[in-house]
Amino acid sequence: MTACASHQVRVLHVGLGPLGRLIAADLHARGAGVVVAAVDPDPTLAGRPLSEIAPGTTPGVTIDADPARAADSTAFDAAIVTTVSSLASCAPTFRSLLERGATIVSTCEELVYPRLRHALLADELHDLAVHRGGRLLGTGVNPGFLMDLLPVVATGVCRGVRAVRVERVQDASTRRVPFQRKIGAGLDRDAFERGVRKGWLRHVGLGESLHFIADRLGLEVEDWSESVEPVIAERELRCALGVIEPGRAAGVKQVAVGVGRGRDAVRLEFVAAIGQPDPHDSVRIDGDPPIDLTIRGGVHGDTATVAITVNSIRPLLASPPGLHTMSSIAPPACDRHATARLQHGR
């Protein structure tokens, strides 16, 4: 299944939570594609028109609970899967679609660099994709771009690299409610620590980003570690979840460090909290020459995740069958037709 450049990409969309709805609407708004079938297991969504929950999408598409029933193998050019962070949990959906030779772009964070935690599963999915003529890619703003692909691309002007440090600091006040919950906004210290122990309170993908960078640049990582701690509110804060009192968690700080040859080869610092005063994204390359990049204000996570998911479809369709990462497809870019619409105020 491949899409020619002369027509809109026909998309099977799996997963219609807040992010999935934004992506479906953006696909149509930018003229980058059209959702021809939609899937979500939520019984409150099954049977409803997609246009009812994702305004602007094509009327007549009804949400189904089963991807196998949603479209036959010739009805769509690509699938977008926006369900959960766990690759193991997403694997049945990926297998079902790859069996049909589908091209799949997913926001599953562990899929960005799947060999870190799921080497055998990654091999299985790659072999299945090659055998059936399908393609599979994990992407997003982070992981997927800001803390992995961007620093790798920045080294394109370096003769050599010794170490990489990336920092992402977000004011989570403008992020969607599920994201604010995921970073522990409003929890007391005990509840925050329980969330960390249970595994739901953390930014998923920091380790994947670290190993993506090390692998792509050939940086030796002999050992690596990851820490998670709360960012404590020093004053009363307000967000979509309500009032956060001083002393409670405003969000999360997470650090991943890869050590090699007695030094930090890769260091990633991620902070997402309500009311952060200096949001930014920065990349520092200890190389020849050294690189120091900073995006003041930072990149809005929801907007950017929507954009890169949509923008990655055509580069993936143009790639050979198999399991891909963001370094094995052509760099995604904003579609020229979408750029023209924006320039003309449409």
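A brief report on the enclosed structure follows. (Residues numbered from 1 in each chain as written. Predicted model: local features only at pLDDT ≥ 70, side-chain atom pairs only at ≥ 80, totals over all residues. Heavy atoms only, no water.)

**With respect to the pattern of salt bridges**
Line of reasoning, step 1. For the coordinates displayed, the defined rule picks out 20 salt bridges.
Line of reasoning, step 2. Arg238 serves as the salt-bridge partner of Glu236, at 3.6 Å between the closest nitrogen and oxygen.
Line of reasoning, step 3. Note on Glu236: relative accessible area 47%, which makes it partly exposed.
Line of reasoning, step 4. The exposure class assigned to Arg238 is exposed, which follows from its relative accessible area of 61%. (Salt bridge = Lys/Arg side-chain N within 4 Å of Asp/Glu carboxyl O. Buried < 20%, exposed > 50% of the residue type's maximum accessible area, 1.4 Å probe, protein only.)

**Some details on helix H1 (residues 18–29)**
Line of reasoning, step 1. With twelve residues, H1 should reach 16 Å at 1.5 Å per residue; the first-to-last C-alpha distance of 16 Å fits that figure.
Line of reasoning, step 2. Every buried residue belonging to H1 is among Leu19, Gly20, Ile23, Ala24, Ala25, Leu27 and His28, and all of these are buried.
Line of reasoning, step 3. Against the buried residues of H1 lie strand E1 (9–14), strand E2 (33–39), strand E4 (78–81), helix H10 (301–311) and helix H11 (313–317).
Line of reasoning, step 4. Count one or two residues on from H1 and you reach Gly31, which has phi positive near 70°. (Helix = DSSP H or I, 4+ residues; strand = E, 2+ residues; numbered from the N terminus. Expected span 1.5 Å × (residues − 1). Contact = heavy atoms within 4.5 Å.)

**So, the environment of Gln8**
Line of reasoning, step 1. As for its placement among the helices and strands, Gln8 is situated in the segment before E1.
Line of reasoning, step 2. As for Gln8 and Val34, which are separated by 26 residues in sequence, their C-alpha atoms are 6.5 Å apart.
Line of reasoning, step 3. Setting aside residues up to four positions removed in sequence, Gln8 forms contacts with Gly31, Ala32, Gly33, Val34, Asp77 and Arg314.
Line of reasoning, step 4. Polar contacts involving the side chain of Gln8 include one to the main-chain carbonyl oxygen of Gly31, which spans 3.2 Å. (Polar contact = N/O pair within 3.5 Å; in protein donor to acceptor, adjacent residues only side chain to side chain.)

**Some words on the sheet that holds strand E11 (residues 249–260)**
Line of reasoning, step 1. Taken together, six strands build an open sheet; the order of strands is E8-E11-E12-E7-E13-E14 and the sheet is mixed. Only two strands of the sheet have a single partner each, and these edge strands are strand E8 (223–232) and strand E14 (291–296). Neighbour to neighbour, the strand axes of the sheet diverge by 10° on average, direction disregarded.
Line of reasoning, step 2. Judged from the ten bridges that link them, E8 and E11 form a sheet pairing that is antiparallel. Residue pairing for E11: Val228 is matched across the bridge by Gln254.
Line of reasoning, step 3. Running at roughly 150° to E8, helix H8 (residues 189–198) makes contact with E8 and E11 of the sheet.
Line of reasoning, step 4. Across the sheet, helix H9 (residues 206–217) touches strand E7 (160–171), E8, E11 and strand E12 (263–273), and the angle it forms with E12 is around 145°. (Pairing = 2+ DSSP bridges. Axes fitted to C-alpha atoms, helices over the stretch in contact; angles between N-to-C directions.)

**A word on the packing of H1 against H10**
Line of reasoning, step 1. The N-to-C vectors of H1 and H10 enclose an angle of 55°; their axes lie 9 Å apart at closest approach. With respect to H10, the axis of H1 lies oblique. For the pair H1 and H10, the sense of crossing is right-handed. Mapping the contact onto sequence places Leu19, Leu22, Ile23, Asp26 and Leu27 in H1 and Thr305, Val306, Thr309 and Val310 in H10.
Line of reasoning, step 2. Counted by class, the contact of H1 with H10 contains six nonpolar, two polar and one charged residues. (Parallel < 35°, antiparallel > 145°, perpendicular 65-115°, else oblique. Left-handed = near helix turned anticlockwise from the far one by under 90°. Nonpolar A, V, L, I, M, F, W, Y, C, P; charged D, E, K, R; others polar.)

**Observations regarding the nonpolar core**
Line of reasoning, step 1. Of all hydrophobic cores here, the largest spans 73 residues; its most connected members are Leu50, Ile213, Val266, Leu268 and Ile313.
Line of reasoning, step 2. Ranked by residue count, the leading element in this core is E12, at seven residues.
Line of reasoning, step 3. Every residue in contact with Val266, bar those within four places of it in the chain, is listed here: Val164, Leu210, Ile213, Ala214, Leu219, Ala256, Val257 and Gly258. (Core = buried A, V, L, I, M, F, W, Y, C linked by side-chain atoms within 4.5 Å.)

**With respect to the packing of aromatic side chains**
The geometry of two aromatic rings is summed up by the distance between their centres and the angle between their planes.
Line of reasoning, step 1. By the definition in use, this model includes zero aromatic pairs.
Line of reasoning, step 2. The aromatic ring of Phe179 is capped on one face by Arg175, whose charged end is 3.8 Å from the ring centroid. (Phe/Tyr/Trp six-rings, centres within 6.5 Å; stacked < 30°, edge-to-face > 60°. Lys NZ or Arg CZ within 6 Å of the ring centre and 35° of its normal.)

**Comments concerning the sheet that holds E1**
Line of reasoning, step 1. Strand order in this open sheet of seven strands is E3-E2-E1-E4-E5-E6-E15, and the pairing throughout is parallel. At either end of the open sheet lies a strand with only one pairing partner, and these are strand E3 (63–64) and strand E15 (322–324).
Line of reasoning, step 2. By the bridge criterion, three bridges tie E4 to strand E5 (residues 103–106) in an arrangement that is parallel. Bridging across to E5, Ile80 finds its partner in Val105.
Line of reasoning, step 3. Along the sheet, H1 makes contact with E1, E2 and E4, crossing E2 at roughly 150°.
Line of reasoning, step 4. Of the strands in this sheet, strand E6 (135–138) and E15 touch helix H5 (residues 119–132), which is tilted by about 125° from E15.

**Concerning the side chain of His280**
Line of reasoning, step 1. Relative to the assigned elements, His280 resides in strand E13 (residues 280–288).
Line of reasoning, step 2. Separated by 2.7 Å, the side chain of His280 and the backbone oxygen of Asp278 make a polar contact.
Line of reasoning, step 3. Those residues in contact with His280, other than ones at most four positions away along the chain, are Glu167, Arg168, Val169, Thr294, Ile295, Gly297 and Gly298.

**A word on helix H4 (residues 87–98)**
Line of reasoning, step 1. Within H4 the residues assigned to the buried category are Leu87, Cys90, Ala91, Phe94, Leu97 and Leu98. One side of H4 carries all its buried residues, which in axial view fall inside an arc of 135°.
Line of reasoning, step 2. Of the residues that open H4, the one with a side-chain oxygen 3.4 Å from the backbone nitrogen of Ala88 is Ser86. (Arc of directions from axis to C-beta.)

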